[in-house]
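Understanding the architecture of this molecule
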Number of protein chains: 2
Amino acid sequence: MDDDAQPRWLSEEEQLAWVGVTAMMWLLPGSLDAQLHRDSGLNLFDYFVLSSLSQAEGRQRRMSDLAAQSNASPSRLSNAVGRLEAQGWLTRHPHEQDRRSTVATLTDAGYDKVVASAPGHAAEVRRLLIDGRSEAELAALRDVGASVARAVLGERCAETVMPPAARGDAPDC
Amino acid sequence: MDDDAQPRWLSEEEQLAWVGVTAMMWLLPGSLDAQLHRDSGLNLFDYFVLSSLSQAEGRQRRMSDLAAQSNASPSRLSNAVGRLEAQGWLTRHPHEQDRRSTVATLTDAGYDKVVASAPGHAAEVRRLLIDGRSEAELAALRDVGASVARAVLGERCAETVMPPAARGDAPDC
DNA sequence: CCGATTCGTTTCAACCTTGAAGTTTTCATG
DNA sequence: CATGAAAACTTCAAGGTTGAAACGAATCGG
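Residues numbered from 1 in each chain as written. Chains lettered and ligands numbered in written order. Predicted model: local features only at pLDDT ≥ 70, side-chain atom pairs only at ≥ 80, totals over all residues. Heavy atoms only, no water.

Structural notes on the overall build of chain A
The condition is simple: Only DSSP runs of H or I with at least four residues qualify as helices, and only runs of E with at least two residues qualify as strands; both kinds are numbered from the N terminus onward. Summary of the burial criterion: residues with accessible area below 20% of their type's maximum are buried, those above 50% are exposed, and those between are partly exposed, where the area comes from a 1.4 Å probe applied to protein chains only. Contact between two residues is taken to exist if any of their heavy atoms lie within 4.5 Å; hydrogens are not considered.
A count of helices and strands for chain A gives six helices and three strands. Secondary structure of chain A in N-to-C order comes out as α-α-β-α-α-β-β-α-α. Sorting the 173 residues of chain A into buried and exposed places 48% on the buried side. Within chain A, contacts between residues separated by at least 24 positions form 49% of all contacts whose residues are at least 6 apart in sequence.

Here it is in structure tokens:
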């Protein structure tokens, strides 16, 4: 509640941009969730975890790295990984050097699951968001996303969520 | 699973744009929720309902209109309105002409709540998303949002979620 | 008019997320 | 070393969301 004295309302253009972002924010997760659930029995977050592991070296990653990358709370990640482990798509074991950490490793079945799920997911992303966009629009989405990541993550640096190529002029942190 | 034979993967630029959108999608709701919860004891969806009512004629609106505007499931809206009614911020009564419908009406206390919450919310939207954006970026967000709304809502028309000014070249529906 | 169907909403059970508290391991310091 | 603090997860309870089923009100066809 400790705002500045006079709130700076949004201009016409700013409001329209905000409405556009709300449309993406409200609509995309639901649709992508629905597609994955329908075609693969996964939700978007679980898919993200599997996909992230499939691209990691050795197909394994520490819980804390996964959490940072997805900006998820520890318990959310713990639950998701628990679900995926129960399905046999990954295993958990303590980290060799630092036994506080848990390392999640994708199983062969988990890798197959990602491979089977990815095309449908990519097609949906394309259909709902990418197809029909101009070069300039794609660049704007990249830059705005990087800016949002910086603003939200602040000192924790956008590195965790954005790949280097999209970070733009982020202060080195 | 009934994809086309060969999946069309995303190009480099498309992937970066997608990563940018995921950053908005994952990060913004959480931060906006947190600000509202901290400063006003509201979540983003409840705030949206109150705000929508405060701008409606007579400060009242039918449940089905609210649901369409926010793309929420009926039960989600019912729960939200139930919470807000329990707080005394709105009342429910059957629609005069069509008694199947329920009309939600903002109370004076509810209106005061919106007025008290709006500046902090607007400031956060500004801080995380709007400030520092160019005219071109704002326009891109508006257009992409409109396009997503069309793609997701399909035949149901984007009208429900996007205001006319942002709908762009939507087919009349 | 009367039965069948559709419409708008609510309710319910299953599931997911959140934030707080608890556990185990590691690190820093006296 | 020993002890306190920090880090990395897990667990738990409270609350929110989803999709299906249920319910009353309105509409449509005969």
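Here's the deal with the protein's contact with DNA strand C
Here is the rule: Any residue with at least one heavy atom within 4 Å of a molecule or strand is counted as near it. N or O atoms closer than or at 3.5 Å make up a polar contact, with two conditions inside protein: a donor-capable atom paired with an acceptor-capable one, and, for residues adjacent in sequence, both atoms drawn from side chains. Each residue is assigned to one class: nonpolar for Ala, Val, Leu, Ile, Met, Phe, Trp, Tyr, Cys and Pro, charged for Asp, Glu, Lys and Arg, and polar for all the others, Gly among them.
Taken together, 18 residues lie around DNA strand C, and Ser75(A), Arg76(A), Arg100(A), Met63(B) and Ser64(B) are the ones closest in. Backbone atoms, meaning sugar plus phosphate, form 73% of the atoms of DNA strand C positioned within 4 Å of the protein. Within the contact set of DNA strand C, a sugar or linking oxygen lies 3.3 Å away from a side-chain nitrogen or oxygen of Ser101(B). Residue assignment for the surface near DNA strand C shows that the elements contributing at least two residues are α4 (74-86) of chain A together with α3 (63-70) and α4 (74-86) of chain B. Considering each element in turn, the surface near DNA strand C owes the most residues, four residues, to α4(A). For the surface near DNA strand C, the class distribution of residues is two nonpolar, nine polar and seven charged.

Focus on the nonpolar core
Burial of nonpolar side chains together is a common tendency in soluble globular proteins. The line we're drawing: Here, the term nonpolar core denotes a set of buried Ala, Val, Leu, Ile, Met, Phe, Trp, Tyr and Cys residues that are joined through side-chain atoms within 4.5 Å. In this document the domain limits rely on a domain assignment from an automatic tool or a database.
Core analysis: the largest hydrophobic core is formed by 86 residues, its most contacted members being Leu129(A), Leu141(A), Leu129(B) and Leu141(B). Both of domain 1 (36-131) and domain 2 (132-163) of chain B provide at least three residues apiece to this core. Here Leu129(B) is in contact with Trp18(A), Val21(A), Val144(A), Val148(A), Leu28(B) and Leu141(B), once residues within four sequence places are set aside.

Examining the protein's contact with DNA strand D
Among the 17 residues in the neighbourhood of DNA strand D, the closest are listed as Ser64(A), Ser78(A), Ser75(B), Arg76(B) and Arg99(B). Protein-adjacent atoms of DNA strand D, using a 4 Å cutoff, are sugar or phosphate at a proportion of 70%. Contacts to DNA strand D include Ser78(A), whose side-chain N or O atom sits 2.9 Å from a phosphate oxygen. Backbone polar atom of Arg99(B) to a phosphate oxygen of DNA strand D: 2.9 Å apart, as the coordinates give it.

A short note on the interface of chain B and chain A
Threshold: Salt bridges are counted wherever a side-chain nitrogen of Lys or Arg sits within 4 Å of a carboxyl oxygen of Asp or Glu.
The partner chain A presents 61 residues to the 61 residues of chain B that form the contact. For the pair chain B and chain A, the number of links is four salt bridges. Remark: the boundary between chain B and chain A carries eight residue pairs in polar contact (both at pLDDT 80 or more). At the level of elements, α1 (12-40), α2 (44-55), α5 (108-130) and α6 (135-153) of chain B are the ones that each hand at least two residues to the side of chain B that touches chain A. A total of 18 residues in the side of chain B that touches chain A trace back to one element, the largest contributor, which is α1(B). Of the residues belonging to the side of chain B that touches chain A, the class tally is 41 nonpolar, eight polar and twelve charged.

Here's the deal with the side chain of Glu137(B)
You can see Glu137(B) is positioned in helix α6. Within the structure, Glu137(B) has its side chain in polar contact with the backbone nitrogen of Ser134(B) (distance 3.0 Å).

Some points on the sheet that holds strand β3 (residues 102-106) of chain B
Paired through backbone hydrogen bonds, the strands of a sheet run either parallel or antiparallel to each other. Residue and element names in this part refer to chain B. Spelled out, the test is: When DSSP locates at least two bridges between a pair of strands, those strands are taken to pair. Only the stretch in contact is used when fitting a helix axis, every axis being a line fitted to C-alpha atoms; angles between N-to-C directions are given from 0 to 180 degrees.
Judged by pairing direction, the sheet is antiparallel, and its three strands sit side by side in the order β1-β3-β2 without closing on themselves. Sheet topology places β1 (60-62) and β2 (90-94) at the edges, where each strand pairs with a single neighbour. Strand-to-strand twist in this sheet, taken as the mean axis angle between neighbours without regard to direction, amounts to 25°. The sheet contact formed by β1 and β3 spans three bridges and is antiparallel. Each bridged residue has a counterpart across the sheet, and for Gln 60 the counterpart in β3 is Thr 105.

Structural notes on the environment of Pro94(A)
All names here are of chain A. Looking at the secondary structure, you find Pro 94 in strand β2 (residues 90-94). In sequence terms Pro 94 and Arg 62 are 32 residues apart; their C-alpha atoms lie 9.1 Å from each other. Not counting the four nearest positions on each side in its chain, Pro 94 is found in contact with Arg 99, Ser 101 and Thr 102.

Considerations on the pattern of salt bridges
For the structure shown, the criterion picks out 22 salt bridges over all chains. Of the charged contacts in the structure, one is a salt bridge between Asp98(A) and Arg100(A), with a shortest N-O distance of 2.8 Å. Asp98(A) sits in the partly exposed class, given a relative accessible area of 21%. The network of salt bridges with shared partners includes Arg8(A), Glu14(A), Arg126(B) and Asp131(B).

Some points on the sheet that holds strand β1 (residues 60-62) of chain A
All names here are of chain A. Pairing within the open sheet is antiparallel, and its three strands lie in the order β1-β3-β2. At either end of the open sheet lies a strand with only one pairing partner, and these are β1 and β2. Neighbour-to-neighbour, the strand axes of this sheet turn through a mean angle of 25°, independent of strand direction. Against the sheet, helix α3 (residues 63-70) contacts β1, β2 and β3 (102-106), and its axis sits at roughly 85° relative to β1.

Describing the pairing of β3(B)
All names here are of chain B. A large share of β3 lies buried, amounting to four of its five residues. Direction of pairing for β2 relative to β3: antiparallel, over a ladder of five bridges. Residue pairing in the sheet places His 93 in a bridge with Val 103 of β3.

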